[in-house]
Amino acid sequence: MSKSFLLTGLCALLATTAPAAERSFPQPLPISSTIPVAKDTPFPGTMVLRIDATDVTRGIFKVQQTIPATPGAMTLLFPKW
């Protein structure tokens, strides 16, 4: 008797709950891009590139790039390689 009562109660509970499509679950936020669109403008300065290739037998290269900057925000965009 108690098993049939539990089964009846479970069926009644499932019938009264909202369908799966109407249930509210957490949804991910849309991804918003904060990267500015790339512009092809000449750089007003001189970049310095130093390469140390003294250990070529092991294929080790040390690279240092210096980019002169002015006060304010700077965004560097790299190609998708």
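About the criteria used
- Residues numbered from 1 in each chain as written.
- Predicted model: local features only at pLDDT ≥ 70, side-chain atom pairs only at ≥ 80, totals over all residues.
- Heavy atoms only, no water.
- Helix = DSSP H or I, 4+ residues; strand = E, 2+ residues; numbered from the N terminus.
- Buried < 20%, exposed > 50% of the residue type's maximum accessible area, 1.4 Å probe, protein only.
- 1 Å grid on protein atoms, 1.4 Å probe; cavity = no way out; pocket = protein on both sides within 12 Å on 5 of 7 lines; lining within 4 Å.
- Points joined across faces, edges and corners; volume = space filled by probe spheres on them.
- Nonpolar A, V, L, I, M, F, W, Y, C, P; charged D, E, K, R; others polar.
- Pairing = 2+ DSSP bridges.
- pLDDT = per-residue confidence, 0-100.
- Salt bridge = Lys/Arg side-chain N within 4 Å of Asp/Glu carboxyl O.
- Contact = heavy atoms within 4.5 Å.
- Polar contact = N/O pair within 3.5 Å; in protein donor to acceptor, adjacent residues only side chain to side chain.
- Patch = residues over 30% accessible without salt bridge, like charges linked within 9 Å, V, L, I, M, F, W, Y side chains within 5 Å.
- Areas by Shrake-Rupley, 256 points an atom, 1.4 Å probe, with all protein chains shown as cover.

Asker: Explanation requested: the environment of Ile51 in the structure shown.
Answerer: Positionally, Ile51 belongs in strand S1 (residues 48-55). Residue Ile51 is classed as exposed on the basis of its relative accessible area of 53%.

Asker: I tried to follow the layout of surface pockets on my own but got confused; where do I start?
Answerer: If you roll a probe as big as a water molecule over the atoms, it shows you where there is empty space left. Empty space within the largest pocket amounts to approximately 750 Å³. In terms of lining residues, the largest pocket is bounded by 19 residues, among which Thr41, Phe43, Thr75, Leu76 and Leu77 are the most central. Classifying every residue of the lining of the largest pocket by side-chain character gives 14 nonpolar, four polar and one charged.

Asker: Can you help me understand the pairing of S1 in this one?
Answerer: The side chains of a regular strand alternate between the sheet's two faces. Where S1 and strand S2 (residues 60-66) come together, six bridges link them in antiparallel fashion. Looking across to S2, one finds that Val48 is bridged to Thr66. Once S1 ends, the chain turns through four residues before running back antiparallel as S2, passing Gly59 with a positive phi of about 70°.

Asker: Would you mind showing me how to read the confidence of the model for the protein chain here?
Answerer: Do not read the fine detail of predicted coordinates wherever pLDDT is low. In this model, the protein chain carries an average pLDDT of 79, and 73% of its residues clear a pLDDT of 70 or more. Averaged pLDDT values for the elements of the protein chain fall to 64 in helix H1 (residues 2-16) and rise to 93 in S1.

Asker: For this particular structure, what's the right way to read the pattern of salt bridges?
Answerer: Oppositely charged side chains can pair when the atoms bearing their charge come close. A complete count under the given rule lists one salt bridge for this structure. Salt-bridge contacts for Arg58 lead to Asp55; the nearest nitrogen and oxygen are separated by 2.6 Å. Under the relative-accessibility criterion, Arg58 is labelled exposed at 64%.

Asker: So what exactly am I meant to see when it comes to the environment of Asp52 here?
Answerer: Here Asp52 lies in strand S1. Of the residues examined, Asp52 reaches a relative accessible area of 30% and is grouped as partly exposed. Along the sequence, Asp52 and Val63 sit 11 residues apart, while their C-alpha atoms lie 6.4 Å from each other. When residues no more than four places from it in sequence are discounted, the contact partners of Asp52 are Ile60, Phe61 and Lys62. Looking at Asp52, its side chain comes within polar contact range of the side chain of Thr54, at 3.0 Å.

Asker: For this particular structure, what's the right way to read a nonpolar patch on the surface?
Answerer: Residues Phe43, Met47, Met74, Leu76 and Phe78 make up a contiguous nonpolar surface patch of roughly 540 Å² in combined accessible area. By the element assignment, Phe78 lies in the segment after S2. Of the residues examined, Phe78 reaches a relative accessible area of 70% and is grouped as exposed.

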